[in-house]
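Structure at a glance
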Amino acid sequence: MNLEGKVAVVTGGAMGNGKGIVEVLTKYQAEVIILDKAKELMDTVSDLTSKGFKVTGYQVDISNKESIIAAFDEIRKKYSKIDILVNNAGICKLESFDTMSDELRDLHFNINIKGTWDVTKIFLPMLRASKKASIINLSSVTGELVADPGEVAYATTKAALIGFTKALAREEVENGIRVNAILPGYIETPMVKGMAKESNASNPDSVIKGIADAIPMHRLGTITELGELAAFLASDLSSYITGSSIVIDGGSTLPETVSMGV
Ligand code: NAD
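Because the structure is predicted, anything quoted here is derived from the model rather than measured.

1. Focus on the overall build of the protein chain
Within the protein chain one finds 9 helices and 7 strands. What you see for the protein chain is a C-alpha radius of gyration of 18 Å, in line with the 18 Å of a compact globule of 262 residues. When the 262 residues of the protein chain are sorted by exposure, 49% land in the buried category. Long-range pairs, those at least 24 residues apart, make up 72% of the contacts in the protein chain between residues at least 6 apart in sequence.

Okay, here's the thing in structure tokens:
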């Protein structure tokens, strides 16, 4: 795979899945711009630049439209086009539907749906300028295929991104833009470690072990495995794939029962 000459924007690239995506895109020679609100952003940027990769970072909260526009205005002074947009930034806070506040619901909607929408819309002219761009949306198996208790807000937003992916793919095909979604199962990231703590504060490791035990591959995925799938969808190797949702879950959504079988 070769992404030389391609410029990528990755939201939420400071940590977790986004960091894995940035590392793999740069490994294949893409130039990467990270938009993230975390203080870890500059550590990730300096770590990768010290290894010789072309990475820059902008402090952006994707739920704040002005902050996206401010970064966009800087980026368009330096680049004439963007070839790859990975809408990865997202949050998941576990809370039952009956006790969830409107504020927590809106936090999920504002980052996971509206943030993804706004970043895509603001960068669309630069993606069209590529003539051969790829947008990759981080959805989830949660919402489209499965759900655990406490995930109503999260599942709602991640399922929404499937509709967003398909409808945008249909419209932007005329402009040479492909749009696809990745549906990960459990990948070992700070988000999953945080969810394990929310589930069992005194023994979060038992939650991670329980997840691994229930997955046919008996382990969580790595951010590098996820990054490789994103790089494939970003590359010309996937030139005939658009509007698709691709599951990467170690088989976690395969079992139909826990008792049937030989
Ligand atoms: P994470 O919490 O470990 O990392 C998320 C990154 O996004 C962080 O760097 C964070 O600072 C950034 N971010 C969060 N809100 C932001 C905002 N408003 N503006 C800018 N940056 C923001 O999460 P993760 O597990 O790496 O998840 C990344 C994406 O993958 C999410 O969209 C998530 O829904 C999706 N996903 C993760 C898993 C998993 O098992 N880890 C499974 C399915 C889907």
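2. With respect to the site of the ligand
Lining the immediate surroundings of the ligand are 29 residues, of which N17, D36, N88, Y154 and T189 lie closest. At 2.9 Å, a side-chain N or O of D61 approaches a nitrogen atom of the ligand. At 2.9 Å from a nitrogen atom of the ligand is found a main-chain nitrogen or oxygen belonging to I62. Taken by itself the ligand offers 830 Å² of open surface, and the protein chains cover 94% of this. Among the elements that make up the shell around the ligand, the one with the highest residue count is helix α7 (residues 190-199) (3 residues).

3. Notes on the side chain of T116
Relative to the assigned elements, T116 resides in helix α4 (residues 102-130). In this structure the side chain of T116 is engaged in a polar contact, spanning 2.9 Å, whose partner is the backbone oxygen of N112.

4. Looking at the packing of aromatic side chains
Tallied over the full model, the rule gives 2 aromatic pairs. Ring centres 5.1 Å apart and planes at 90° place the aromatic pair F72 and F123 in the edge-to-face group. Of this pair, F72 sits in helix α3 (residues 65-78) while F123 sits in helix α4, placing them 51 residues apart in sequence. Considered together, F72 and F123 belong to a single accessibility category, that of buried residues.

5. Structural notes on the packing of helix α1 (residues 16-27) against helix α9 (residues 223-234)
As a packed pair, α1 and α9 sit with axes 7 Å apart at the nearest point and diverge in direction by 55°. With respect to α9, the axis of α1 lies oblique. Seen from above, α1 lies across α9 with right-handed handedness. Within the contact between the two elements, α1 uses G16, N17, G20, I21, E23, V24, L25 and K27 and α9 uses I223, T224, L226, G227, E228, A230, A231 and A234. Broken down by class, the residue content of the contact of α1 with α9 amounts to 8 nonpolar, 5 polar and 3 charged.

6. Some details on the pairing of strand β2 (residues 31-36)
With 5 of 6 residues buried, β2 is to be regarded as a mostly interior element. As paired elements, strand β1 (residues 7-11) and β2 share 5 bridges and run parallel to each other. Paired with A8 across the two strands is V32, which belongs to β2. One crossover worth recording links β1 to the parallel β2 by way of α1, and it is right-handed. As paired strands, β2 and strand β3 (residues 55-59) are joined by 5 bridges and run parallel to one another.

7. So, a nonpolar patch on the surface
Among the surface-exposed residues, L145, V146 and V247 lie close enough to one another that they form a single nonpolar patch of about 220 Å² accessible area. The topology assignment puts L145 in the loop between α5 (141-144) and α6 (152-172).

8. Quick look at the side chain of S130
Tracing the chain through its elements places S130 in helix α4. Accessibility expressed as a relative area gives 12% for S130, which makes it buried.

What counts, and at which threshold
Residue positions are given per chain, counted from 1 along the sequence in the order it is written. Given that the model is predicted, a residue must reach a pLDDT of at least 70 before its local features are reported, and side-chain atom pairs must reach 80 or more before they are shown or counted; all residues, however, enter totals for whole chains, interfaces and linings. Think of the side-chain values as coming from all heavy atoms in the structure, minus any hydrogens and water. Strands here mean DSSP runs of E at least two residues long; helices mean DSSP runs of H or I at least four residues long; both are numbered from the N terminus. Note that the radius of gyration is over C-alpha atoms, with the globule rule given as 2.2 Å times the number of residues to the power 0.38. The buried label goes to any residue with under 20% of its type's maximum accessible area, the exposed label to any with over 50%, and the partly exposed label to all in between, with areas taken from a 1.4 Å probe on protein chains only. By definition, residues are in contact when any of their heavy atoms lie within 4.5 Å. Put simply, a residue is near a molecule or strand once any heavy atom of it comes within 4 Å of that molecule or strand. Here a polar contact is recorded for every N or O atom pair within 3.5 Å, except that within protein the pair must consist of a potential hydrogen donor and a potential acceptor, and residues adjacent in sequence are included only if both atoms are side-chain atoms. Note that accessible areas follow from Shrake-Rupley with a 1.4 Å probe, and for residues the cover is restricted to the protein chains shown. Working definition: rings of Phe, Tyr and Trp (its six-membered ring) pair if their centres are within 6.5 Å, and the pair is stacked with planes under 30 degrees apart, edge-to-face with planes over 60 apart, and tilted otherwise. Geometry is summarised by axes, namely lines fitted to C-alpha atoms with helices restricted to the contacting stretch, and by angles between N-to-C directions that run from 0 to 180 degrees. Should an angle fall under 35 degrees it is called roughly parallel, over 145 degrees roughly antiparallel, and 65 to 115 degrees roughly perpendicular, with every other angle called oblique. Crossing handedness: left-handed means the near helix sits turned counterclockwise from the far one by under a right angle, and right-handed means the same turn made clockwise. Nonpolar residues are Ala, Val, Leu, Ile, Met, Phe, Trp, Tyr, Cys and Pro. Charged residues are Asp, Glu, Lys and Arg, and all others, Gly as well, are polar. Here, strands pair whenever DSSP counts at least two bridges between them. We call a crossover right-handed when, viewed with both strands directed away from the observer, the connection leading from the first strand over the helix to the second proceeds clockwise. Any residue with relative accessible area above 30% and no salt bridge may belong to a patch, with like charges joined within 9 Å and the nonpolar Val, Leu, Ile, Met, Phe, Trp and Tyr side chains within 5 Å. Salt bridge, as used here, is a side-chain nitrogen of Lys or Arg placed within 4 Å of a carboxyl oxygen of Asp or Glu.

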